[in-house]
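Commentary on secondary and tertiary structure
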Amino acid sequence: MSTFEGVFVNDQWLQSQFTQVELRKLRTRFISARNEAGTVTIQDLPPVLAKLKPFNEVATQDDVNRMLTDSYSNLDKDLDFEAFLRVYLNLQSRASAKMGTSKTFRTTSSFVKSSATTLRHSISETEKASYVSHINNYLGEDKFLKQFLPLDPATNALFDLAKDGVLLCKLINIAVPGTIDERAINTKKLLNPWERNENHTLCLNSAKAIGCTVVNIGTQDLAEGRPHLLLGLISQIIKIQLLSYVDLKKTPELAAMVEDSKEAEELMGLAPEKVLLKWMNFQLKKAGYKKEVTNFSSDLKDGEAYAHLLNVLAPEHGTTKTLETKDPTERANLILEQAEKLDCKRYVTSKDIVEGSTNLNLAFVAQIFQHRNGLTIDKTKSSFAEMITDDESTSREERCFRMWINSLGVETHVNNVWEDVRNGWVLLEVLDKLAPGSVMWKQATKPPIKMPFRKVENCNQVIRIGKELNFSLVNVAGADIVSGNKKLIIAFLWQLMRFSMLQLLKNLRTHGQGKEITDADILQWANMKVKQSGKTQMESFKDKRLSNGIFFLELLSAVDKRVVNWGLVTKGENEEDKKLNATYIISVARKLGCSIFLLPEDILEVNPKMILILTASIMYWSLLQKAKTEEEDRPPAEEEVVEGNAAMEEAASEDGVNQEKEETVENDNE
């Protein structure tokens, strides 16, 4: 009986978009596309892709060729297997759009639903100019970048500068300070391809760690300076920076907008941009403005909402002239003049307001909020702000799990773990991603859910699947998740994350033989690796000696000798030196290719959960390199057997799992 070796790629997100059946089939197609030179280029792909779903349903070979020509300027570029998969995903999203359906393909639902700024292939010159201005303002005095700044928005200098990866790494640190240890960034005027790739790998893994969607963006895309992808990523980073204060923890005055604890809970679960709209309407109501602002585009085009907002927030600069003006462009100019008096940066031009630029209007409103939110909180509502106060450790874990879930590419975006998991739906999506076929979608209810018992049904199924996966869930019921029991939610999410990592390692270690990987295996592997070149060992994932970081630096050095600069490492003898090592460890691991979401404090305090995941992530990367080498050395003749078996597997599963979710009861409107 034939056994299958796993097909693996370096990017964990990319790996998660496909089943092994699909990866084997695509790898076979990739190899079949090789030209006489033994390589695969974009121009070799049309006859191969045209035979695959969904292209064969909606496009001819000529259509595929046109889509490739529209998407890629260099058709002679050599592709490796990962690049081929990204091309496949890119075209699949376009084929989905062509079908004009809300249903997405199972393996790429997260890609299709990703933000428009990432998907579009034309760029907005006004957005580019705004982002260039932001970069010049915030990074103009950077020790390394100031030699290249200010950038000229009329040129492609932004895209050229981004090709080395330094700019994006620095921008991430402006958005969320301390995310990247800048000692790990390769900074010099002329970088070799290896150093550039390290910077881009560090950038993408760090971007995921702060909440960016980096779907369909690879290191090669950044190295080539592809404008639409770069602007999409830069837009997300800047958005995270500008919306960082639209949060009850950082701005407790937001509690002034709620009347009771139920409304406070709802506010906690809203995305920052939704909170910003709620704030804007709260202030406009004070000003007597009758319309509701529901978006940052068409509802702001006439400028009336802006005029009322600025008048109520800054009455000392208030004027009736803005509203009396009939010409929208003239009104927009007056709005910008009034905003300047509040020291708000000009993210928009009058043209952007009149044309309804969503991204730039959002940035402008966020700046107004940051400079003057006009909120005051009285004692009667201060308790609402205190509702969301977690201890530091719990808050860190919520952030870690939130970023991890969002990185998986599930359809639902999590804004607040405690609120967003309570209806069970997003947990079912995660379980379906990690254990395909485990969810009975016909018995699930998709939000919005009006009937409480439907939430309990969803969560009961979550618990059932957890038990089938051998999670420790003694005396835990779906109602515990619905009620928002933080302790139990953390315990469940931790077991989910651990299961995900162990499954990846299981596939790598055994090539499909089925041997389970245990925590002890990970511990033994790490000690064995370090023993070969280092001096330290760890007794367990609770070993307090790990707080100085030396063991993990030796482990990283053992899997890649050149990745650690030992001249930057401290002895870790005091808290300050330990923290320096901890921040360096995280950035070096991400630079290597590990997708991790812990913070330096998790290493300093030796949080055993996060220590295990960090170790397992390094192990996964190390073993993946070996698996990829074996994959590359595999004789092409074996592909015929793989393709035949993959086709049989696909046929057996296609009529079942793929269709079940489509028949789900999507809304509970009864």
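Described below are features of the structure shown in this document. (Residues numbered from 1 in each chain as written. Predicted model: local features only at pLDDT ≥ 70, side-chain atom pairs only at ≥ 80, totals over all residues. Heavy atoms only, no water.)

As for the nonpolar core
- One finds Leu233, Leu276, Trp279, Met280 and Leu496 to be the most contacted residues of the largest nonpolar core, which totals 174 residues.
- Leaving out residues up to four positions away in the same chain, Met280 has contacts with Val293, Leu300, Ala305, Tyr306, Leu309 and Val365.
- In this structure, Phe18, Leu26, Met67 and Leu91 belong to the second largest nonpolar core, which totals 29 residues. (Core = buried A, V, L, I, M, F, W, Y, C linked by side-chain atoms within 4.5 Å. Buried < 20%, exposed > 50% of the residue type's maximum accessible area, 1.4 Å probe, protein only. Contact = heavy atoms within 4.5 Å.)

A closer look at the packing of aromatic side chains
- By the definition in use, this model includes 10 aromatic pairs.
- The interplanar angle of 25° and the centroid separation of 6.3 Å between the aromatic rings of Phe81 and Phe84 together place this pair among those described as stacked. In this pair, Phe81 and Phe84 both sit in helix α6 (residues 81-99), 3 residues apart, roughly one turn of the helix.
- Taking 5.1 Å as the distance between ring centres and 90° as the angle between the ring planes, the aromatic pair formed by Trp279 and Phe369 counts as edge-to-face. Within this pair, whereas Trp279 is found in helix α16 (residues 272-286), its partner Phe369 is found in helix α21 (residues 358-371), the two being separated by 90 residues in sequence.
- A relative accessible area of 0% means that Trp279 is categorised as buried. (Phe/Tyr/Trp six-rings, centres within 6.5 Å; stacked < 30°, edge-to-face > 60°. Helix = DSSP H or I, 4+ residues; strand = E, 2+ residues; numbered from the N terminus.)

Some points on the pattern of salt bridges
- Tallied over the entire structure, the rule returns 28 salt bridges.
- Where Glu198 meets Arg562, a salt bridge forms, and the shortest distance between an N and an O atom there is 2.6 Å. Placement of the pair is Glu198 in helix α12 (residues 193-209) and Arg562 in the loop between α30 (550-559) and α31 (575-592), with a sequence separation of 364 residues.
- Using a relative accessible area of 6% as the deciding quantity, one classes Glu198 as buried.
- Residue class for Arg562 comes out partly exposed when judged on its relative accessible area of 42%.
- Among the charged side chains, a salt-bridge network with shared partners connects Asp142, Lys170 and Glu182. (Salt bridge = Lys/Arg side-chain N within 4 Å of Asp/Glu carboxyl O.)

Thoughts on α16
- Here α16 contains 15 residues, and its C-alpha end-to-end distance of 21 Å stays within 8% of the 21 Å for a straight helix at 1.5 Å per residue.
- All of the buried residues in α16 are Val275, Leu276, Leu277, Trp279, Met280, Asn281, Gln283 and Leu284.
- In this structure, the buried residues of α16 make contact with α15 (261-268), α17 (304-313) and α21.
- Positive backbone phi, at 80°, marks Gly288, one or two positions downstream of α16. (Expected span 1.5 Å × (residues − 1).)

Looking at unusual backbone geometry
- With an omega of 5°, the peptide bond between Leu149 and Pro150 qualifies as cis.
- As for its placement among the helices and strands, Pro150 is situated in the loop between α9 (125-139) and α10 (157-162).
- Cis geometry is found at the peptide bond from Pro447 to Pro448, where omega equals 0°.
- Residue placement: Pro448 occurs in the loop between α25 (425-434) and α26 (452-468).
- Phi at Val606 is positive, roughly 50°, even though this residue is not glycine.
- Considering the arrangement of structural elements, one finds Val606 in the loop between α32 (600-604) and α33 (608-632).
- Judged by its relative accessible area of 3%, Val606 is buried.

Fair warning: the whole summary comes from geometry, so function is off the table for now.
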